Amino acid sequence: MNRTFLLRSSLRRLPVQPQHRRALHSFEKVDEARAHCHKQLELHDYDAHLIRRLIPRQAQDVYVALRALNLELARIPEAVSNPTLGAMRIKFWKDAINNTFSGRGTREPISTLLGSTAQQLEETTGRQTRQTVKFWTSRLIQTREKHLDNPPFTNMASLEDYAENIYSTMMYATLAAIPIRSIDMDHLASHIGKAAGIAAVLRSIPQLVAPQIKRSPNAGAVSSVTKEPTLLLPLDVMAEHGVKEEDVFRHGPQAEGLSEAIFTVATRANDHLITAREMMKRLRAGQGAGHDFEHQHDTEHMDDISTGNVNSDIEASFGVLIEAVPVNHFLDNLQAADFDPFAVKPPGWKGPWRLWKATSSKNF
């Protein structure tokens, strides 16, 4: 009897281990973080909100988290009163990302979602994929830091570098999460991302030259509100067409040479889309890309994870490459508005319809 009594007493005194409860709580936190990021895209980057459903399931959280992070970084100029506070905010995100990929927890929703998917990537595809996603995420933050005060683009090449290091970079990270690490797919993503970044800058012109008018940012262009008006067209293009900042700030779309300058910049974005389309046709026909990838020798662009068949790679990557569709739609609407960014109509129902059409035909 005594032995039974002592055993029961010991059992009653053993602490209950809440492991299952902690795991459940963790899942709940990830779900909350995911819902938060989804809401941010729905409100401020509707194109990404639509595209996320077309991304392969295993890469959706990376896509959503990076697009939400891009929005947060793009909003820093409007959220702070001086550059020091902006630098502090960037430092916060650098530390948060380092902690996230080092396995140290954080309560911030974007970091929570990234941390969860980084752990899953390592478990399913290995540590290299996790490190690759971290590399691209860090590059996104570093580029936003360089453009924190919206410095002018000296020429078209500097605008393309900006687009590559933000929009192409987010596409590289999403491809890596599928996982697809293919020079050809990265090459396609480079052209499409450059087109997307250039389009984002053009789309942001009404908000940046008239900062007193508050509007929701679309696609995380640059920022929706700034303290002073600014015009981010390349300086060489502005000089070519005689565009003066003060004229644009005073007269908006009626400023001399503005529509011609916007046409020139939009043409470069469209050229990247045309190049990507032609390249995809060639790849499907087994003819190769047709031109060299400028980053093909960079160590971060690896060719070690693919299906072994370029057509299968395109099929697996198409949800990422479909980023070209809303870019093309914006450029079409910009042309319809005679290259007046102040008069561009929102995509409306045609946005989802074009994505559906592209998904069905596997062409953009």
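Just above sits the structure.
This text gives an overview of the structure that appears in the document. Counting starts from 1 at the beginning of each chain's written sequence and moves along it residue by residue. Confidence filtering applies because this is a predicted model: local features only for residues at pLDDT of at least 70, side-chain atom pairs given and counted only at 80 or more, and all residues used for totals across whole chains, interfaces and linings. To get the side-chain values, all heavy atoms of the structure are used, and hydrogens and water are removed first.

Looking now at the nonpolar core. Take the buried Ala, Val, Leu, Ile, Met, Phe, Trp, Tyr and Cys residues and link them wherever side-chain atoms come within 4.5 Å; each set so joined is a nonpolar core. A simple rule labels every residue: compare its accessible area, found with a 1.4 Å probe on the protein chains alone, to the largest value its type can have, and call it buried under 20%, exposed over 50%, or partly exposed in between. Within the largest apolar cluster, 101 residues are counted, with the highest numbers of intra-cluster contacts made by Leu69, Leu202, Leu233 and Phe364. Throughout the structure description, domain borders are defined by an automatic or database domain assignment. Of the residues that make up this core, three or more belong to each of domain 1 (27-149) and domain 2 (152-216 + 223-290 + 310-363). Ignoring sequence-local partners within four residues, the contact set of Phe364 consists of Ile192, Ala276, Arg277, Met280, Phe318, Leu321, Ala324 and Val325. In what follows, residue pairs with any heavy atoms lying within 4.5 Å of each other are defined as contacts.

Residue position: Thr359 is located in helix H17 (residues 350-361). The spatial distance from the C-alpha of Thr359 to the C-alpha of Leu54 is 8.2 Å, given a sequence separation of 305 residues. Discounting residues that sit within four places of it in the chain, Thr359 has contacts with Leu54, Phe318 and Ile322. Starting at the N terminus, helices and strands are each numbered in turn, a helix being any DSSP run of H or I of at least four residues and a strand any DSSP run of E of at least two.

Okay, the packing of aromatic side chains next. Here a Phe, Tyr or Trp ring, Trp counted by its six-membered ring, pairs with any other such ring whose centre lies within 6.5 Å, and the pair is stacked when the planes are under 30 degrees apart, edge-to-face when over 60, and tilted otherwise. Within this structure, the stated rule accounts for seven aromatic pairs. Ring centres of Phe92 and Trp93 lie 5.2 Å apart, and the angle between their planes is 75°; this geometry places the pair in the edge-to-face category. On the basis of relative accessible area, Phe92 is assigned to the partly exposed category, the value being 34%. Among the aromatic residues, ring-to-ring pairing joins Phe135, Trp136 and Tyr172 into one connected group. Two thresholds decide whether a charge sits over a ring: the Lys NZ or Arg CZ must be within 6 Å of the ring centre and within 35 degrees of the ring normal. Looking at Arg203, its charged tip hangs above the ring of Phe330, at a distance of 4.6 Å from the centre.

Relative to the helices and strands, Gly308 is located in the loop between helix H14 (258-284) and helix H15 (310-321). The class for Gly308 is exposed, based on a relative accessible area of 71%. Placed 126 residues apart in sequence, Gly308 and Ser182 show a C-alpha to C-alpha distance of 9.6 Å.

Another point: the pattern of salt bridges. Should a side-chain nitrogen of Lys or Arg be within 4 Å of a carboxyl oxygen of Asp or Glu, the pair is scored as a salt bridge. Tallied over the entire structure, the rule returns 16 salt bridges. Among the salt bridges present, the one from Arg34 reaches Asp31, with a minimum N-O distance of 2.9 Å. Of the two residues, Arg34 and Asp31 both sit in helix H2 (residues 19-44), three residues apart, roughly one turn of that helix. Asp31 gets classed as partly exposed once you look at its relative accessible area, which sits at 46%. Salt bridges here are not isolated pairs; linked through shared partners, they connect Asp31, Arg34 and Asp61.

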